[in-house]
Amino acid sequence: MSHPAHVQATFDPSVFNVLSCIYGMFQYELSMALGWPFDFSQVSRLLYEHAKEAEVKFDCVCSDVDTALPLATIICTNYNCPMLMRRKEAKDYGTKRMIEGIIKAGDVCLIVEDVVTSGSSVLETARLLEKEGLKVKDAVVLLDREQGGRDMLEAEGITLHPVFTISTLLDVLLDAGRIDPATRRSVKTFIKGNQTFTKPPGNSSPRGEGDDV
């Protein structure tokens, strides 16, 4: 994004604590970028290029009716990808479907999200797509909050590709002098203590657990 000052403008040091870092500091959740078309287009490009760099193969793209929807729309428009949309609930008129768009059974669908915490939203979308005969192997997300979503999805056969993580965001803020080391440590501690998924015994440690706190 080309306007980092826009992000800093939403940052209030007086209310910056563990919870606000995870759920409030990133309060703009791309809503600020909505007011800057070039920035929003750049975010979409980052998501698409991140998926391509990971050599993700897909025939179509899907998102739900949330902030990720315009991101997916820009991706599909700019890169000529067929688009599907997941509704929050089926309408009692029209197609009455949870997945809208031209569905081709057997196609591989890439899920686009803005933020992942537990991964439940991505998994729900994947299951709905699979019911329609589509295959889901990957999801690309702008921010991984590192609270278990990535490992949960991996256990379900879905690889999450985050453009950046909450740890990356903390490092950027620390380097910029927006937070101090103590705040970073407290946030990392909070993340470790508030995991939404635990790997079965014998598996490797969840991502991020080796980081210093």
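In what follows, the accompanying structure is described. (Residues numbered from 1 in each chain as written. Predicted model: local features only at pLDDT ≥ 70, side-chain atom pairs only at ≥ 80, totals over all residues. Heavy atoms only, no water.)

## Observations concerning the nonpolar core
Here is step 1 of the chain: Core analysis: the largest hydrophobic core is formed by 21 residues, its most contacted members being Leu84, Ile111, Leu129, Leu153 and Ile158.
Here is step 2 of the chain: At the level of elements, strand 1 (60-64), strand 4 (108-116), helix 6 (120-131), strand 5 (135-144) and helix 7 (149-155) are the ones that each hand at least two residues to this core.
Here is step 3 of the chain: Top element by residues in this core is helix 6. It accounts for five residues.
Here is step 4 of the chain: Contact partners of Leu153, with chain neighbours within four places excluded, come to Gly119, Val122, Leu123, Ile158 and Leu160.
Here is step 5 of the chain: Within the second largest apolar cluster, 20 residues are counted, among which are Ala72, Ile75, Cys81 and Val112. (Core = buried A, V, L, I, M, F, W, Y, C linked by side-chain atoms within 4.5 Å. Buried < 20%, exposed > 50% of the residue type's maximum accessible area, 1.4 Å probe, protein only. Helix = DSSP H or I, 4+ residues; strand = E, 2+ residues; numbered from the N terminus. Contact = heavy atoms within 4.5 Å.)

## Focus on the pairing of strand 1
Here is step 1 of the chain: Across the five residues of strand 1, five count as buried, placing the element largely inside the fold.
Here is step 2 of the chain: Of the two faces of strand 1, the one carrying Cys60, Cys62 and Asp64 and the one carrying Val61 and Ser63 are both buried.
Here is step 3 of the chain: Taking the sense of rotation as the criterion, the β-α-β connection linking strand 1, helix 5 (residues 68-79) and strand 2 (residues 83-86) turns out right-handed. (Right-handed = clockwise from strand over helix to strand, strands pointing away.)

## Comments concerning the packing of aromatic side chains
Here is step 1 of the chain: Taken as a whole and judged by the stated rule, the model has one aromatic pair.
Here is step 2 of the chain: Pairing Tyr48 with Tyr79 gives two aromatic rings, centres 3.6 Å apart and planes at 10 degrees, and the pair type is stacked. Remark: Tyr79 occurs in helix 5 and Tyr48 occurs in helix 4 (residues 37-53); sequence separation between them is 31 residues.
Here is step 3 of the chain: According to the relative accessible area criterion, Tyr48 is buried, its value standing at 16%. (Phe/Tyr/Trp six-rings, centres within 6.5 Å; stacked < 30°, edge-to-face > 60°.)

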